[in-house]
Amino acid sequence: MFKRWLALWLFGTLLSGGVPAAGTSVLSGAWFIQAASKAGPAPGLSIAGYKPTGWIRAKVPATVMGALVDAGVYRDPYMGRNLEAISAAPFQEAWWYRTEFAVSAPEKRQRTRLLLDGVNYRADIWLNGRQIAGKDVVYGAFRTFDLDITSQLKEGANALAIQVHPPEKGDFFMGFVDWNPEPPDRNMGLFREVKLRRSGAVSLENVYVRSDVDLATLKEARLTITSDLVNHEDRAVSGEITGDIGAIHFKVPYSLRPKERKALTFSPETQPGLRIQNPRLWWPVNLGQPELYTLTLAVHAGQSPSDAFSTRFGIRQVGTYLNEQGHRGFTVNGRKVLIRGGGWVDDLFLREDAKNLEAQFRHIQHMNLNTVRLEGFWGSSQKLYDLADRMGLLVMVGVSCQWEWVEYLGKPQENETYGAAKTPEEIRLVAGYLRDQVRWLRNHPSILVWVLGSDKLPWPEAEKAYAADLKELDPARPYLAATKSWTSALSGPTGVKMLGPYDYVTPNYWFENTTRGGAYGFNTETGPGPQIPPLASLKKMIPAAELWPLNKTWEFHCGRHEFNTLNRYLNAYNHRYGEAASVEEFAFKAQAANYEGMRAMFEAFGVNQPKATGVVQWMLNASWPKLYWQLYDYYLTPNGAYFGARKGSQPRNVVYDRAAKTVHVVNDTRAAFAGLKVRARIFNAASTKVFEKNVGAACGPGASAQVLDLKAVDAGSPLYFLDLQLTENGVPVADNFYWLSTSPDTLDEAHSNWFMTPNTGFADFKGLSALPQAQVKMASRFENGAGTVTLTNASDRLAFFLELGLTQGPGKGDVRSALWDDNYLSIPPRESRTVRVRFDPADLNGRTPRVRLAGWNIPAQD
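All of the points below concern the structure found in this document. (Residues numbered from 1 in each chain as written. Predicted model: local features only at pLDDT ≥ 70, side-chain atom pairs only at ≥ 80, totals over all residues. Heavy atoms only, no water.)

## Some details on helix α6 (residues 383–391)
Rules: Only protein chains enter the area calculation, which uses a 1.4 Å probe; residues under 20% of their type maximum are buried, those over 50% are exposed, and those in between are partly exposed. Runs of E in the DSSP output that reach at least two residues are strands. Runs of H or I that reach at least four are helices, and both are numbered from the N terminus. Whether two residues are in contact is decided by their heavy atoms, any of which lying within 4.5 Å being enough.
Buried within α6 we find Leu384, Tyr385, Leu387, Ala388, Asp389 and Met391. In the core, the buried residues of α6 are packed alongside β24 (339–344), α5 (354–366), β25 (371–375), β26 (394–398), α8 (424–441) and β27 (447–451). Following α6 by one or two positions, Gly392 has its phi on the positive side, about 75°.

## With respect to the pattern of salt bridges
What counts is decided by this rule: Here a salt bridge means any side-chain nitrogen of Lys or Arg lying within 4 Å of a carboxyl oxygen belonging to Asp or Glu.
The tally for this structure, following the rule as stated, stands at 51 salt bridges. Residue Asp228 pairs with Arg261 through a salt bridge whose shortest N-O separation is 3.0 Å. Placement of Asp228 in strand β14 (residues 220–231) and of Arg261 in strand β17 (residues 261–266) is noted, with a sequence separation of 33 residues between them. On the accessibility criterion, Asp228 (18% relative accessible area) is buried. Given a relative accessible area of 49%, Arg261 falls into the partly exposed group. Salt bridges here are not isolated pairs; linked through shared partners, they connect Arg113, Asp146, Arg197, Glu205 and Asp307.

## Brief notes about the pairing of strand β42 (residues 776–783)
Definition in use: Here a strand pair is declared whenever DSSP counts at least two bridges between the two strands.
In this structure, β42 lies alongside strand β43 (residues 786–793), joined through eight bridges in antiparallel fashion. Along β43, the bridge assignment pairs Ala779 with Thr790.

## Overview of the layout of surface pockets
So the rule is basically this: Cavity: a set of points on a 1 Å grid over the protein atoms alone where a 1.4 Å probe fits but cannot get out. Pocket: an open set with protein on both sides within 12 Å along at least five of seven lines, its lining residues, like those of a cavity, having an atom within 4 Å of a point. Grid points are joined across faces, edges and corners, and a volume is the space filled by probe spheres set on the points. Three classes are used: nonpolar for Ala, Val, Leu, Ile, Met, Phe, Trp, Tyr, Cys and Pro, charged for Asp, Glu, Lys and Arg, and polar for all others, with Gly counted as polar.
Of the pockets and cavities examined, the largest pocket occupies roughly 1600 Å³. In terms of lining residues, the largest pocket is bounded by 41 residues, among which Lys195, Phe309, Ser310, Gln382 and Trp440 are the most central. Among the elements that line the lining of the largest pocket, the one with the most residues is strand β20 (residues 304–313), at six residues. For the lining of the largest pocket, a count of residues per class yields 13 nonpolar, 11 polar and 17 charged.

## A look at the nonpolar core
The nonpolar side chains of a soluble globular protein tend to be buried with one another. Here is the rule we go by: Residues belong to a common nonpolar core when they are buried Ala, Val, Leu, Ile, Met, Phe, Trp, Tyr or Cys residues joined through side-chain atoms within 4.5 Å.
One finds Trp344 and Phe361 to be the most contacted residues of the largest nonpolar core, which totals 269 residues. No other element matches the 15 residues that helix α14 (residues 583–607) contributes to this core. For Phe361, the residues in contact, after removing those within four places along its chain, are Trp344, Val372, Leu384, Leu387, Ala388, Met391 and Leu393. Within the second largest apolar cluster, eight residues are counted, among which are Phe32, Ala42, Trp55 and Ala161.

Function cannot be read off these values alone, since they describe shape.
What follows is the structure, given as structure tokens:
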């Protein structure tokens, strides 16, 4: 009986047309929105039965702009410069959100609370004709609100109306900085979930599970569970709390005075079962499995069930250190982790789609990345963090530089070192943000570190407030005062760097540069600038008449300020690959520039560990269709940089150092390896093999080792190719293929600035356009969402830069869910490669999968 009650409590018992009789429910479906000037007076529209004539149907969470776009009020805002034409005027006033829900007659001593997880920026809240909270109380984008509405509820239909007021200059809300245009509504609205929480007289609040691992043996872990127990009654209450984690069960009596809130702690000292032998540990990508457990707590008031709470958690322990050079690194379960990450951003209108979100996280995992950096508290729900938990992806969560620069916050800055929150009122607000977000997220094992500042430090009084709250709420997880190199008076050196680049640099930069963004230390945001998407995506974002030549519409889909142009990228592209004659040629050849630039960055940080401790590609994904800073685009189509990142981050890798002309093996796993073989071959421009050497390879965990020096090798032509393969007992482990030039990329370090290092000379790859045609035969096989494609080079010519796509048939678009194990690959003469692909069969719409093949020097096949 108890288990049945618990299931009903945790998952809800839906009443007819209403909300669960117990537990927490999300009010998501039948909402309507309207501008305040068109909506009428508040008391009337918050009464059940009001007819929202002329209002716009919406689902919550939703910003105003997101709801209007979904409703078709604004069509195709991301095409061309349509977004630029949308006026911000309708969003200078407040907007109403309205819904109705039904509840049954409350049981004796039942309490109901309204929970708001995110409002941008202020809100007046009305329920059944009465205002229950005003904008003087409900304000701040990243605060959460908990309002007891028990006395205002009615049996049957209830009406909830929330008037949301837009953010103003100087307000601390989410933003997109220089990454893309600002949304016209500045993301005003109910951007996170609105919930009803129903309990008995006693409720469980702020449940937290902390794990401490025996780092020497990894054979034991201690769990400490804390929770607030709240008596909502004007009478004393006593009863029992029960807890379950798999086979672990405990039961504890309690007693509460009237209206008492009591902090409870369950530890191995009082509950021996919380000392776990041989725990299933949570590990990030390539270090182990991300094992998860489930905790369920339930409380009875007397003999009656009163409340229950369930959460998934992972047993793991994160830490931080400074290496010999003073660079910060991070550990998981006592093992050093080379951070390989990307900077995340939500949809421009904060629309969160569960299928899209899962597809994105599969992409991240597939690229062998282990970290997602959130510059801000992103996510319209906890789905993002749940996926990170499940897929073994670390998450850096914290403050955005939106709050640190006058052009974004709209408030003058007094200091280049410290952020904008300085006054006591501002510090109370942002400290409240952190408190609420930590309580909301701290049970997620994926969260690696709380970040308190981006480009700047928090003011000392703000950092003191943050540190005190973190000591109380999340003492087992480190914080980082800023993601730039600063020294805090409170916490000491940040030990990280933010020295760029953000625009295009040639691949050798990452190996050669030792003073700015190159491969040493932890570069918290950096990358080789623009990543041009494939042609199919360009056609979705730029009108056909403006696809070629490049023009203002292309620039509109770049970044902002210094990054509103492709000129620097084009200068290097034209020098290295030659000027393109069409958009088709430009889009395809750009993938080669994307690939080699991104691969080199991740390779260099791997080769240079332990001096190098981490790198975050700026950025990972796209909030809207764009040309800058993305490993896959808004339509979830990978570009060349995606596969460059995957190759450059193979867990056991073989890598060419372009600066030193040496070959290295890299080991990102927890186990040393020995007895592996490296084969290096060089082909000249005529596809003739001019060099081959095989050597043994061994490497410790979290390290690299040089295995070959190629400085003295004669490449045989100005343009040449290096083919590397790492094998174990004859089985391929990793491979890499490089196109190289005897004309070097030469950096102009003396003219570096904060976002790029220019060149005085460039590698010459224009000869790639003169490669003789190769002949590639293709065979494919598919079954149950998986397949293999075998490519056989039947010619005496190297087949260069082959692009694979999975389609529903000729002329159809690529299947978005396809995950190719390799792409943009090259095949030496008379050799074959087999590539695996996984996909969601539903994306084929009942059709037979087909493979699209294109390449630099082969005829296209579809």
